[in-house]
Amino acid sequence: AKQVYSIFPFFQDIQVMLVVGLGLLLTFLPRYGLSALTHNFLLLNFSTQWALVLQGLLHHFHHGQVHLDLRNLLTAEFAAVTVVISVGAVLGRTSPFQLLVVAACEVPVYLASEWAIVTRLGVLDVGGTITIHVFSCYFGLGVSKALFGVAQWLVHPKETPTPHSDLLSFVGTLILWVFWPSFVAVLCQPGDAQHRAILNTILAMSASVMTTVVASSLTERDGKLSPSHLQNGSLAGGVAIGAVANMALPPVAALALGSL
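Residue numbers here run from 1 along each chain, matching the order of that chain's written sequence. For this predicted model, a pLDDT threshold of at least 70 governs which residues receive local features, and a threshold of 80 or more governs which side-chain atom pairs are given and counted, while totals over whole chains, interfaces and linings are taken from all residues. The side-chain quantities take in all heavy atoms of the structure and omit both hydrogens and water.

Draft legend 1. Highlighting the overall build of the protein chain. Helix and strand definitions here come from DSSP, where helices need a minimum of 4 consecutive H or I residues and strands a minimum of 2 consecutive E residues; each element is numbered from the N-terminal end. Helices and strands together make up the secondary structure of the protein chain, namely nine helices and two strands. Moving toward the C terminus, one meets the helices and strands of the protein chain in the order α-α-β-β-α-α-α-α-α-α-α. Across its three principal axes, the protein chain shows a C-alpha extent of roughly 65 × 45 × 30 Å. Any residue under 20% of the maximum accessible area for its type is buried, any over 50% is exposed, and the rest in between are partly exposed; the area is computed with a 1.4 Å probe on protein chains only. By the burial criterion, 41% of the 260 residues in the protein chain qualify as buried. Any two residues whose heavy atoms approach within 4.5 Å are treated as being in contact. Considering only intrachain contacts with a sequence separation of at least 6, the fraction spanning at least 24 residues in the protein chain is 77%. Computed over 10 positive and 11 negative side-chain charges, the inter-centroid distance for the protein chain is 6 Å. Charged residues are defined here as Lys and Arg on the positive side and Asp and Glu on the negative side; His and the ends of the chain fall outside this count. Note on charges: their place is set at NZ of Lys, CZ of Arg, CG of Asp or CD of Glu.

Draft legend 2. Representation of the side chain of Thr48. Relative to the helices and strands, Thr48 resides in helix H2 (residues 33–59). With sequence-adjacent residues up to four places away left out, Thr48 is seen in contact with Leu43, Leu73, Ala76, Glu77 and Ala80.

Draft legend 3. Fine view of the nonpolar core. To qualify as a nonpolar core, a set must consist of buried Ala, Val, Leu, Ile, Met, Phe, Trp, Tyr and Cys residues joined through side-chain atoms within 4.5 Å. If you look at the biggest cluster of nonpolar residues, it comprises 48 residues, and the most contacted ones within it are Trp180 and Phe183. Only helix H1 (2–25), H2, helix H3 (70–86), helix H4 (96–120), helix H5 (129–148), helix H6 (163–185), helix H7 (192–219) and helix H8 (227–241) provide two or more residues apiece to this core. Broken down by element, the residue count for this core peaks at nine residues, all from H3. When near neighbours in sequence (up to four residues on either side) are disregarded, Phe183 contacts Ile14, Met17, Phe78, Val81, Gly127, Ile132 and His133.

Draft legend 4. Region of the structure containing the UniProt feature "transmembrane region" (unreviewed entry) in the protein chain. Under the local residue numbering, the UniProt record ascribes the feature "transmembrane region" (unreviewed entry) to residues 7–29, 41–61, 73–91, 130–155, 167–188, 197–215 and 235–257. Between the first and last C-alpha atoms of residues 197–215 the distance is 26 Å; the span itself is 100% helix and 0% strand. UniProt positions are given in the numbering used here, feature names are shortened, and annotations may be inferred rather than shown by experiment.

Draft legend 5. Here's a closer look at the packing of aromatic side chains. Pairing of aromatic rings covers Phe, Tyr and the six-membered ring of Trp, with a centre-to-centre limit of 6.5 Å; geometry is then stacked below 30 degrees between planes, edge-to-face above 60, and tilted otherwise. This structure, assessed with the given rule, holds five aromatic pairs. Each ring, one from Phe8 and one from Phe11, has its centre 5.8 Å from the other, and the planes form 25 degrees; the classification is stacked. One end of the pair, Phe8, and the other, Phe11, are both in helix H1, three residues apart, so they sit about a helical turn from each other. A relative accessible area of 8% means that Phe11 is categorised as buried. Note on Trp180 and Phe183: the rings are 5.9 Å apart at their centroids and 55 degrees apart in plane angle, and the pair reads as tilted. Placement of the pair is Trp180 and Phe183 together in helix H6, with a separation of three residues, close to one helical turn. With relative accessibility at 6%, the residue Trp180 sits in the buried group.

Draft legend 6. Geometry of the packing of H3 against H5. Inter-axis angles, ranging from 0 to 180 degrees, are taken between N-to-C directions of lines fitted to C-alpha atoms, where helices are fitted over the stretch in contact. Two elements in contact, H3 and H5, have axes whose closest approach is 8 Å; the angle formed by their N-to-C orientations is 35 degrees. In terms of crossing hand, the pair formed by H3 and H5 is right-handed. On the side of H3, the interface is formed by Phe78, Val81, Thr82, Ile85 and Ser86, while H5 contributes Thr131, Ile132, His133, Phe135, Ser136, Phe139 and Gly140. For the contact of H3 with H5, the per-class residue count stands at six nonpolar, six polar and no charged. It is the rotation of the near helix from the far one that decides the hand of a crossing: anticlockwise by less than a right angle makes it left-handed, clockwise makes it right-handed. Each residue is assigned to one class: nonpolar for Ala, Val, Leu, Ile, Met, Phe, Trp, Tyr, Cys and Pro, charged for Asp, Glu, Lys and Arg, and polar for all the others, Gly among them.

Draft legend 7. A look at a nonpolar patch on the surface. A cluster of nonpolar side chains, namely Ile130, Val134, Tyr138 and Leu141, defines an oily patch on the protein surface of about 380 Å² accessible area. Inspection of the secondary structure puts Leu141 in helix H5. Put simply, a patch holds well-exposed residues, over 30% relative accessible area, that have no salt bridge, with like charges counted together within 9 Å and Val, Leu, Ile, Met, Phe, Trp or Tyr side chains within 5 Å. Accessible areas in this description were obtained via Shrake-Rupley with a 1.4 Å probe; residue shielding takes into account the shown protein chains only. Salt bridges are identified by distance alone: a Lys or Arg side-chain nitrogen within 4 Å of an Asp or Glu carboxyl oxygen.

Structure follows, in structure tokens:
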């Protein structure tokens, strides 16, 4: 009961982030919105199940049984997050079968990477900045290079966002922004560490929003705001703070990190 009441509210927040927020964020391609949502939904479920199997066999297998609880399910979803972030590098250029192959390959590589970074090297990374976001970035780049090489492709007309698709994608950003503190704090020790993680994440993300708006207005023509800057820059503080969110940082440090 204690685990349910302490973890499940965070778990629900993360479900909204991954299914709704991240799905909508990927709808910036005007003619690929439904496919982006569907493929995100498919990959999230497939990757979570695959990660549960692998984690169970590797870490929770006792007397012919696999132990399952909410915490294990959460860590499996974190493995699935790496997949749905990575495939953004090849958004709209891959079939569902190809995406499932990528997921089947990426989950075990992620689990090995996380084990090496956290268990062997002892790196603290409560919010997954290194193990999730940096890993997803480079794995996605590798998939893109493997599928398409390094040739310079001309911009296709279908790649150009419309005001409607940009608006829908920004709604996804807003949902992710609201629930991001839960993502960072869920695996922290309940109490002071979790409290610090929530506060530091909110401060860092708030600073990243302010900096994004100012920088975008200065770099765009006529002082207008770039939708792509808002969609991604607003979340950068939450990504950056994840590695140190549970530490006793002064508030100015969280604000500075979010701004940077």
